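Spelled out, the chains give:
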Amino acid sequence: MMPGSNRRTFLRTAASTVALPGVALPQSPASPSPDTSVLFAGDGLRLSPAQYAQLLATLTANGAKTDSYLAGGAVEELEGRFAKLLGKERALFFPTGTLANHVAVRLLAGERRHVLVQEESHLYRDEGDCAQALSGLNLVALAPGRATIKASEIVEAVEKAGAPPYPVPVGAISIESPVRRARGQAFDFEEMKKISAFAREKKIGMHLDGARMYLASAYTGIAPAAYAALFDTVYVSMYKYFNAPFGAILTGPAKLVESAAVLRHQFGGGVLHGWESASVALHYLDGFEDRYQKAVSRANELFRLLEEKKFRVHRMEAGTNIFQLDFPSQPDADFRKRLADRGIVLGRPPIDGSTDLQINETILRRPAKEIAEEIGKALG
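Below: a short report on this structure.

About the cut-offs
- Residues numbered from 1 in each chain as written.
- Predicted model: local features only at pLDDT ≥ 70, side-chain atom pairs only at ≥ 80, totals over all residues.
- Heavy atoms only, no water.
- Phe/Tyr/Trp six-rings, centres within 6.5 Å; stacked < 30°, edge-to-face > 60°.
- Buried < 20%, exposed > 50% of the residue type's maximum accessible area, 1.4 Å probe, protein only.
- Core = buried A, V, L, I, M, F, W, Y, C linked by side-chain atoms within 4.5 Å.
- Pairing = 2+ DSSP bridges.
- Helix = DSSP H or I, 4+ residues; strand = E, 2+ residues; numbered from the N terminus.
- Axes fitted to C-alpha atoms, helices over the stretch in contact; angles between N-to-C directions.
- Contact = heavy atoms within 4.5 Å.

### Remarks on the packing of aromatic side chains
Turning to step 1, where the next piece is worked out: The tally for this structure, following the rule as stated, stands at 14 aromatic pairs.
Turning to step 2, where the next piece is worked out: Summarising the aromatic geometry, the rings of Tyr-241 and Phe-242 are spaced 4.7 Å apart at their centres and angled 55° between planes, so their arrangement reads as tilted.
Turning to step 3, where the next piece is worked out: With a centroid separation of 5.2 Å and an interplanar angle of 80°, the aromatic rings of Phe-327 and Phe-335 are classed as edge-to-face.
Turning to step 4, where the next piece is worked out: By relative accessible area, which is 9% here, Phe-327 ends up buried.
Turning to step 5, where the next piece is worked out: Given a relative accessible area of 1%, Phe-335 falls into the buried group.

### Brief notes about the nonpolar core
Turning to step 1, where the next piece is worked out: If you look at the biggest cluster of nonpolar residues, it comprises 89 residues, and the most contacted ones within it are Phe-40, Phe-82, Ile-173, Val-236 and Phe-242.
Turning to step 2, where the next piece is worked out: Of all hydrophobic cores here, the second largest spans 13 residues; its members include Leu-92, Phe-94, Val-257 and Leu-263.

### Thoughts on the sheet that holds strand E12 (residues 354-358)
Turning to step 1, where the next piece is worked out: Read across the open sheet, the 3 strands follow the order E9-E10-E12; overall the sheet is antiparallel. Both outer strands of the open sheet, strand E9 (312-314) and E12, are each paired with one neighbouring strand and no more. Taking each pair of neighbouring strands and ignoring which way they run, the sheet shows an average axis angle of 30°.
Turning to step 2, where the next piece is worked out: Note: strand E10 (residues 322-326) against E12, 5 bridges, orientation antiparallel. Paired with Leu-325 across the two strands is Thr-355, which belongs to E12.
Turning to step 3, where the next piece is worked out: Those strands touched by helix H13 (residues 288-308) are E9, E10 and E12, and its axis lies near 140° from that of E9.

### So, the sheet that holds strand E5 (residues 170-176)
Turning to step 1, where the next piece is worked out: Across the sheet, which stays open at both edges, the 7 strands sit in the order E2-E8-E7-E6-E5-E3-E4 with mixed pairing between neighbours. Two strands close off the open sheet at either side, each with one partner strand: strand E2 (90-94) and strand E4 (138-142). Sheet twist, expressed as the average angle between the axes of neighbouring strands with direction ignored, equals 20°.
Turning to step 2, where the next piece is worked out: Pairing analysis gives 3 bridges linking strand E3 (residues 114-118) to E5, with the strands arranged parallel. What sits directly across from Leu-116, in E5, is Ile-173.
Turning to step 3, where the next piece is worked out: The sheet strands contacting helix H4 (residues 97-109) are E2, E3, E5, strand E6 (205-209), strand E7 (233-237) and strand E8 (248-252), and the helix crosses E6 at an angle near 170°.

Pasting the structure below:
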């Protein structure tokens, strides 16, 4: 890893020189121009291949260490950091969050293959039935259309599953928070605490798909470690906002993580090197919570200014970093391009007079007043 002062300087430089899709900005590989574009789509910086190469060259020049089949080097350092941050005995690097989720619930469930999940969760909706097909788990979906499963619903599902004459006891409960398919809504923390207490009483394993938990904490005020304390295992994404090209971290008890390492290899996840992703994730992990809190504050200032211009911002109940923006008048077909030419990128075209604003660190590149003015000018 690079010395503190050099690393902080490079972090500021890298965060300010990201080329965004659809926005032509003058850049020289030797001396990139500061990037002032703001991306209202995605959770991270979306580094280009050239920027990854430049970043990795700088990190390796300042001491980034390689691994061998995910053992040692930057991977081991990253695992140690997250185990400590989330208060767990050990952590393990995975190439994907899908594999981390799957392995976690498989190990927690053991021979009790009934697993309770949210119907809108990534594990249930977006992982190709891998837990069912590859591990013979029965995922029982609860709370359709909602981010939060009520504790009473969990109790009822556990009691029904374990009832005679043919009981199928629940072995694990998996909770995603925030929930992407629920537009980034966070799981209610009070319900989460009740479910955790009940699961521990019944000796049911608890897994948290916390891919975006560090984003959620800036909105809920609940620290990642406080969330993690309620669960046996926790997964965090390394690419969504820590800007690694791939990767995930799974934390949990040492014995379980040891078994997870065997399954990672058996499922084809034992790649030769992970130091590239681990080094980038470590780089952006430093100071992330402070930076993202500033991004949230900048977004709130922007929303206030837009509302003064007759725009309307919808803040979802229990929402995190996804907001709906209603325009005072219907944008024309070229609005999105005009806005991109001004260095502001929307994730989706306006539909029925509204679009989404997804908040990430790129909002810190320009003052809120300037962003609001550019949006107003592009609208005409």
